Each structure stands twice: as structure tokens, then as C-alpha cells.
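Each chain, written out:
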Amino acid sequence: MQIPRSTIAVTFAFLVLFCTQAVAQEKSIVVASTTSTQDSGLFKHILPRFEAKTGIKVRVIAQGTGQALDTGRRGDADVVFVHAKPQEQKFVADGFGVRRFDVMYNDFVLIGPKSDPAGIAGTKDIAAALAAIKAKQAPFVSRGDRSGTHQAELALWKAAGIDIAADKGPWYREIGQGMGAALNTASAMNAYVLADRGTFISFKNRGELAVAVAGDRRLFNQYGIILVSPEKFSHVRKDQGQAFIDWITSAEGQSAIGEYRIGGQQLFFPNAAQRP
Amino acid sequence: MRAPGSELPILFEGVSVEANTVRILSDVSLALAAGMPTVLIGPNGSGKTTLLRLAMGLLAPSAGRVTWGGRDRTDGRRLAMVSQRPVMLRRSTFANVTYALGAAGAAWRGRGTRARGLLAQAGLLTQSDRSARRLSGGEQQRLALARALARDPEVLCLDEPTASLDPANTRAVEEIVTTIAASGVKVVMATHDLGQARRLAGEVVLLVGGLVCERSPASQFFSDPATSEAAAFLRGDLVI
Amino acid sequence: MVEETSALGLVLGGDPALYEIVRLSLAVSLSATALAALVALPLGAYLALVDFPGRPFVIVVLNAFMGLPPVVVGLAAFLLLSRSGPLGFLGILFTPRAMVFAQALLVIPIIAALTRQTIEDLWTEYRDELTAMRVAPMPRVATLIWDARFSLVTVLLAGFGRAAAEVGTVMIVGGNIDGFTRTMTTAIALETSKGDLALAMGLGIVLITLIVLVNAAAWSIRRIGEIHAG
């Protein structure tokens, strides 16, 4: 009771700062990645193997692809691991990244309510399906957050011959949030939504939602990994970051990705050997 | 025997105090010298509290000047005051006294012993560990006296110290004041209780409307007042 | 994996990952409150006791900042701490330290504004007494802070509650990294986005329980203190 509170406060503050200091000293890298890889549980499956082998702790920040690339551009991550190839190539060309490697792919699926107001369930042609949604003004939820999935969605509207920026109506809802939030919204509204298969398989609050369209070649979703340029940012942990890239594109890392399954379904298909 | 740094006499020379264009004291000239207690009497609003605050050096006059032992300023080290409703620090009775000792610059080492002595004098030794704010009104007034004495004052100003107390507590406070005065501390006390003035005063200063009406030795004041206001005040008539 | 664990079991079963999240949440928010108090208590006391030109303006701004949006504070802290920002050399973005820093920024106006009010009220009460005792300015501040300590505990609790409950700043500057910067609130946000609403709600109940417990502890301390010194 007689010890001044300020003394306690100072002591406590320093204590915590020291603890976190100690943690920050161990070997670690920051990987800016996407919500799809994080929320699907892939990292929980593969990272312990890498950490056990190398002793390098991987800290994953799950963002949209656009935001993850921005994080790399500001020098706040050592490695970016995302899925929007044109943007990734620009990132490297602008000098923010060293080199881009293919890692794996999964596919996007068009999710919709079981009532299927656009009448597209079970079809294969994604462009035709989107055209039908627009024609019927069926509710559609868009990520609207510059993420890889959002970019893919915009490219698909274009492929369907629709200028969505000009043609969108009240049926088209841009929520500006992550994959999970988009699925929650679609579930609540019984709307269509484009999602990566992994996130949807592991998503729990499905309600009436099910896969409506899948299997179109245009729904192919390639993931790439890039080391942030150590020339641009001297603090980038180049060796540890490169070690992670080398591992995830190695036979061992690739098979770890291939083994990951939820309910018997494979979520990601390693393809690092196939160079772009 | 007075040290060179003595605060006495406290001299008021042509002192006026105005606040927001209201004149509270007008051209007061007065000497507070060592010796018997000086009692300020007068109706409410006559300027008694203001006069005490001037004597404490807590207030600067609008006109005229106040000097302490011939000096223009005081560090207040040996001046102490008990206000009409003293504020108790949110601490124990004991800690209220040790705090006052600390503020007066007493050495840390001897504070406990001195505090117990002061509390004994105020009759509060058994209340040492209680929260000061939970003491009764009379006890709080006595604790305020103990705090004032912790300054080892040369001059002690008391502003209506018994105004809100019952007769028993009033007597207890008066007894302490008498003891203090007898020990050589100059007591300056404001009151509107004539009986109290009679019991304690060495000299009486009557203030009416911010003016010093009469100043005389207590015996003379009560037996043979020089002014009509004093006579009226003693009769119990309203004096405004 | 995740789907094998029942939400209720995870919340009640003392899962080590959950324990770590709870520990981090408490450590970050308590440190942030302590850090904020170091700045805000003297600042509040200064504003209560010292008059200077523009003081009313500062007080109005401070009171308004009690309602700072966490996302904006998070963004400001992010821009400061980013490698490309002025404090980037510290290299603490996406670490618990960044979260402490950002939450402290969020909480400083709350503690400072409430401290100013508390100290100013007490000063009104103590002014004559302390002036008559000729207490010097610095000891005066110490006296007021000490004598207002029980009220100030409540002030600190208000700051802590705000820090522990917010998600905007820690999400942005912490990055919600599993096992490193994941707190109760970011975990709740994550589980909600994964559609596991039951687990999210379970975590929410744990968080509310913790805040109630911290408040109960502080209330008891205050009660005991008041009996002896109030």
C-alpha cells in the first residue's frame, strides 16, 4: 500500500518491454500473406514443420493481397505470400521484391444460396453464371478490398463482358472486408459470393450457402512468394526469408502443402516446379 | 527573546482591500505585537477573515502595506492558520499532523514523536489511525489546531474556530488556545462570540464595514467602550 | 485441428493457446495503461493546477480526444512505426510493443482528462489549507495525486477498460499474428471472420469476465484503502 503507484507502473512497463524484447531477439521473419491461407488453416499445418527444421519462427500477418503487397512496399514484412500474379510481377518490377516464385494453386468457387435465384447451380461456365446473376439482379457480395480474390472477381466480370463499375446496382454489395466477413454477409443475405475453396471448406457459418459453380479453368488461383528487397530495406531478414522461400518450394515444403486436407478434401495443389 | 527573523510586529499601514470593486477593508492601520491574544470582533462581512489572510501573507492589499518584523514579505514559515471550516486531508489523523510537520520542514526522523505529542495536546491520541474525514466537527477543529501547531508558529491566526461547535467542544478548543497563548505564541482570533472574546482577549479590535472602529485592551473595551458602535455591539443591538 | 475442438471446450478447458492470448491481452492493456498513466497523470495534474494561454482550448481538445476512434489511432501509430515512417528504425511494428504504444496513445487522453477533473476538484477543496501551509508547487502536485489516489484508480480503470476492449489499434499495429500478437479482441474478430460464431462469443464472454475481475480487484483495493484513509 505504501509503495507509490508510479513505481509499480514503471516497473511493470519495463518488465513487459523486456519480455517482448526477449521474444523479438529470437530468429523470426514476418510474412505478409492473405486471409485465405491463414483462415483455411494451411499455415497451422505447414509452419510447425519449417520451424522445427530451421528454428526460424514465421509470423504471419493475414491481409488482402493488395494490403499485403503494400506492407511489403513499406518494408514492414520480410516475405510476401499472395495470389494476384500481375500485381506481384509489378511489385518485383518496381524493385520492392527480389524474385517471384510459384508455390501452389487452389481454385475459386462461386458460392450461392441453395434456393439459387439465378439458376446457375451445377454449371461450369463462370462467365455465363455471372451474366445470369446480373440479368436476374440476384444479390452478390463483393470483397471490394483490393484483395487477390477481389482482383480475380473483377477479372471474371470482365471476362463475362460486364463493366461492373458502371453496371452495378443495389444487388451488388461491396463490403470492403476479408473473405470471412464476405461469407458471413453472404450467409446472412443469401447472396452469391466468390470465394477461394479452402476458406469456404473451413468456414463454419455456412447457413444456406453451397458451391454453385466450380471447375472453370478461369477460376484457377495461383499463389506466389516473394522476398522483399534487402537492397531497398536493409533490415529485411534476407537469409531467413530466403530459407523459408527455399523450403516452401522444395519437395518437402511442397508435399506438406499437398498433404493438407480438411474433411478429406485437398485445399491447395503445390506447383512450384512449374516455373512461370 | 525574538530571533532576528521574527515576524512580529505585524504592521498594517493604510491597508485597503478591494475585490471586484467591492471594498472589503478601508484604510486599516493596526499593529499586532507580541503578547496577549488579539481578538477581532464584528458582524459577518466586516472584514475579519480578510484581515487574518493579510496577516498570514496570503493576500496582497490593494493599497497600503503590511510588514512583518519590519520586512515587506514573509515566507510564512512561522505563521499558522486555522480556518472556520478546516479541510481534512484524505489521510489518517496521524498522517494529517505528520504532513503538516513535513510542510513546515521538520526533520523526517522526529516527526512521529512530535506528531504524537501534538495529538496528545489536542486530545486526539486515541484517534490517530482513524480517517481524519470521519472525525466529528470538534475533533476536526482540534486536529486543525494540532496541524497549525506543527508549524511551531510564532503567530497563530484563528478564524471563528468554534463557530460550528457545541459548548463542550468550544471549551476544549478554548483551553488549547489558552495554553498556546500562555506558551508565548501570538494568537490573533476572529469571532463574533462576545463571551469567547471576554474569556480569551488581551486586546479587542472591533471591525464594522471594513473599518477599524475601536481598538482597546479587553478590560477597557468591555467595561467602557469608547465608540457608540462598540457600545451597541456589546448591548447586542444590530450593527451594520 | 480447429474443427475438432468444440468452442465451449476450448474456452473452459484452459487451452494453452487461449491462455497465451489472455496473458498477452492483459499484459498489453495493463502495460499500455501504465505507460499512459506515466504521461497522463502529470499532464492532467498540470492542466488542473497551472493556468496558461490556450488552456481552455487544450482542455476541450483533450476531452474530445477521450472519444478518439481506435482505428484512427491505430492508423496513426502504424504510419509512425512503419519501416517507412519516422519511428520505423525502432522496428517494433507487428510486435506487442507496438500494441502497447498504440493503446497508450488511445488511453492517454482519457486518463489525462479525467485526472484533470479529479485533481482540479480536489485542489478547489485543498487550496486554502495547502497555501496556508506554504506547500511548494511540486509537493502540492504530489499531495493532490496521492490524496486523489482512490479516485484515480477508477480513472486508470476507465483507461484499462478502453484498452482491453478495443480491437482497431491492435489489429492494425499488431497484425493479429498467431501466438505473438493475437489478443482477445483480435481473436474474436478472426473467429467471427472464420464463421465460428460460437467460439467468438465464448472468447467474448472470457474477455468480459476478465474485465469484470480486474475491476472487482481494483474496487476491493479502493474499498480497503478508503476504510483506512478515505
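Above this text is the structure in question.
The sections below set out a description of the structure shown in this document. (Residues numbered from 1 in each chain as written. Chains lettered and ligands numbered in written order. Predicted model: local features only at pLDDT ≥ 70, side-chain atom pairs only at ≥ 80, totals over all residues. Heavy atoms only, no water.)

## As for the side chain of A:Asn106
Residues and elements named next belong to chain A. Test applied: The numbering of helices and of strands both runs from the N terminus, where a helix is a DSSP run of H or I of at least 4 residues and a strand a run of E of at least 2. Only protein chains enter the area calculation, which uses a 1.4 Å probe; residues under 20% of their type maximum are buried, those over 50% are exposed, and those in between are partly exposed. Under the rule applied, a polar contact is a pair of N or O atoms within 3.5 Å (in protein, one hydrogen donor and one hydrogen acceptor; residues adjacent in sequence only if both atoms are side-chain atoms). The contact criterion used throughout is that any non-hydrogen atoms of two residues lie within 4.5 Å.
Mapped onto the elements, Asn106 comes out in strand β4 (residues 97-113). Exposure remark for Asn106: the relative accessible area of 0% places this residue in the buried category. Among the polar contacts listed, one links the side chain of Asn106 to the side chain of Asn221, at a separation of 2.7 Å. In this structure, Asn106 is in contact with Asp196, Arg197, Gly198, Leu219, Phe220, Asn221, Tyr223, Leu267, Phe268 and Phe269, ignoring residues within four places of it in sequence.

## Some details on unusual backbone geometry
The omega angle of the peptide bond from B:Leu8 to B:Pro9 is -5°, so this bond is cis rather than trans. Structurally, B:Pro9 can be placed in the segment before β1 (10-19). In this structure, A:Arg146 takes a positive phi of about 60° despite not being glycine. Within the fold, A:Arg146 resides in the loop between β5 (140-142) and α7 (148-159). Backbone geometry at C:Arg134 places phi at a positive 55°, although glycine is not the residue there. With respect to the element layout, C:Arg134 can be found in the loop between α5 (96-132) and α6 (137-147).

## What about empty space enclosed by the protein?
A water-sized probe, rolled over the atoms, reveals where empty space remains. The test is simple: In this analysis the probe radius is 1.4 Å and the grid spacing 1 Å, with only protein atoms considered; a cavity is a set of points the probe fits into but cannot get out of, a pocket is an open set with protein on both sides within 12 Å along at least five of seven lines, and lining residues have an atom within 4 Å of a point. Grid points are joined across faces, edges and corners, and a volume is the space filled by probe spheres set on the points. In this classification, Asp, Glu, Lys and Arg are treated as charged, Ala, Val, Leu, Ile, Met, Phe, Trp, Tyr, Cys and Pro as nonpolar, and every other residue, Gly included, as polar.
Following the criterion strictly, the structure yields 3 cavities of 30 Å³ or more and no others. The calculated volume of the largest cavity comes to roughly 90 Å³. Along its surface, the largest cavity is lined by B:Ala80, B:Met81, B:Val82, B:Ala100, B:Ala144, B:Arg147, B:Ala148, B:Arg151, C:Glu129, C:Ala132 and C:Met133. For the lining of the largest cavity, the secondary structure elements donating two or more residues are β5 (79-82) and α4 (137-149) of chain B together with α5 of chain C. Partitioned by chemical class, the residues of the lining of the largest cavity number 8 nonpolar, no polar and 3 charged. When its volume is computed, the second largest cavity comes out at roughly 50 Å³. Along its surface, the second largest cavity is lined by C:Ser25, C:Val28, C:Ser29, C:Gln103, C:Ala163, C:Ala164, C:Glu166, C:Val170, C:Thr183, C:Met184, C:Thr185 and C:Leu207. For the lining of the second largest cavity, the secondary structure elements donating two or more residues are α2 (16-49), α7 (149-165) and α9 (184-193) of chain C. With 3 residues, α2(C) is the largest single contributor of residues to the lining of the second largest cavity.

## A look at the packing of helix α4 (residues 70-81) of chain C against α5(C)
Residues and elements named next belong to chain C. Quick reminder of the rule: Between N-to-C directions, angles span 0 to 180 degrees; the directions come from axes that are lines fitted to C-alpha atoms, helices contributing only their stretch in contact. Throughout this description, any angle smaller than 35 degrees is read as roughly parallel, any larger than 145 degrees as roughly antiparallel, any in the 65 to 115 degree range as roughly perpendicular, and the remainder as oblique. Helix crossings fall into two classes, left-handed where the near helix is turned counterclockwise from the far one by less than a right angle and right-handed where it is turned clockwise.
Closest axis-to-axis distance for the α4/α5 pair is 9 Å, and the angle between their directions is 130°. Between α4 and α5, the angle is such that the two are oblique. As α4 runs across α5, the sense of the crossing is right-handed. Between α4, through Pro70, Val73, Ala77, Leu80 and Leu81, and α5, the contact on the second element is made entirely by Ala98, Phe101, Ala102, Leu105 and Leu106. For the contact of α4 with α5, the per-class residue count stands at 10 nonpolar, no polar and no charged.

## Some points on the environment of A:Gly64
Considering the arrangement of structural elements, one finds A:Gly64 in the loop between β2 (57-63) and α4 (65-73). Considering only alpha carbons, one finds A:Gly64 and A:Trp157, 93 residues apart in sequence, at a separation of 20 Å.

## Some details on the interface of chain B and chain C
Counted only if it meets this: The buried area of a pairing is the accessible area, by a 1.4 Å probe, that goes missing from both parts when the two are put together, added over both. By definition, a salt bridge exists where a carboxyl oxygen of Asp or Glu is found within 4 Å of a side-chain nitrogen of Lys or Arg.
With 24 residues of chain B at the contact, the number on the chain C side is 20 residues. Approximately 1900 Å² of surface area, both sides summed, lies buried where chain B meets chain C, with 45% of it carried by carbon and sulfur atoms. Among the residues of chain B in contact with chain C, B:Arg90, B:Arg91 and B:Tyr99 are the three that bury the most area, contributing 32% of the side total. Along the contact surface separating chain B from chain C lie 5 salt bridges. Put simply, B:Arg147 and C:Glu129 hold a salt bridge, and the shortest N to O gap is 3.2 Å. If you look at where chain B meets chain C, you find 10 residue pairs in polar contact (both at pLDDT 80 or more). Put simply, the parts of the chain that give the side of chain B that touches chain C at least two residues each are α1 (48-56) and α2 (93-103) of chain B. For the side of chain B that touches chain C, the leading source of residues is α2(B), giving 3 residues. Residues of the side of chain B that touches chain C, tallied by class, amount to 10 nonpolar, 5 polar and 9 charged.

## Description of the nonpolar core
The condition that has to hold: What makes a nonpolar core is a set of buried Ala, Val, Leu, Ile, Met, Phe, Trp, Tyr and Cys residues whose side-chain atoms join them at distances within 4.5 Å.
Membership of the largest hydrophobic core comes to 134 residues, with the highest contact counts inside it found for A:Ile46, A:Phe81, A:Ile225, A:Phe244, A:Ile248 and B:Leu156. Considering each element in turn, this core owes the most residues, 15 residues, to α5(C). Once you skip the residues sitting within four places of it in the chain, A:Ile248 turns out to touch A:Ile46, A:Phe81, A:Val103, A:Ile225, A:Gly253, A:Gln254 and A:Ile257.

## Let's talk about the arrangement of the chains
Interchain contacts are distributed over 2 pairs of chains, and the most extensive set of them lies between chains A and C. One finds no contact linking chain A with chain B; the least C-alpha distance across the pair is 13 Å.

## Comments concerning the pairing of strand β1 (residues 28-34) of chain A
All names here are of chain A. Rules: A strand pair is defined by DSSP finding two or more bridges across the two strands.
Most of β1 is tucked away: 7 of the 7 residues are buried. Neither face of β1 is left uncovered, since the one carrying Ser28, Val30, Ala32 and Thr34 and the one carrying Ile29, Val31 and Ser33 both have all their residues buried. Sheet analysis places β1 next to β2, joined by 7 bridges and oriented parallel. In the sheet register, Ser33 faces β2, and the bridge partner there is Ala62. With 3 bridges joining them, β1 and strand β3 (residues 79-82) adopt parallel strand pairing.

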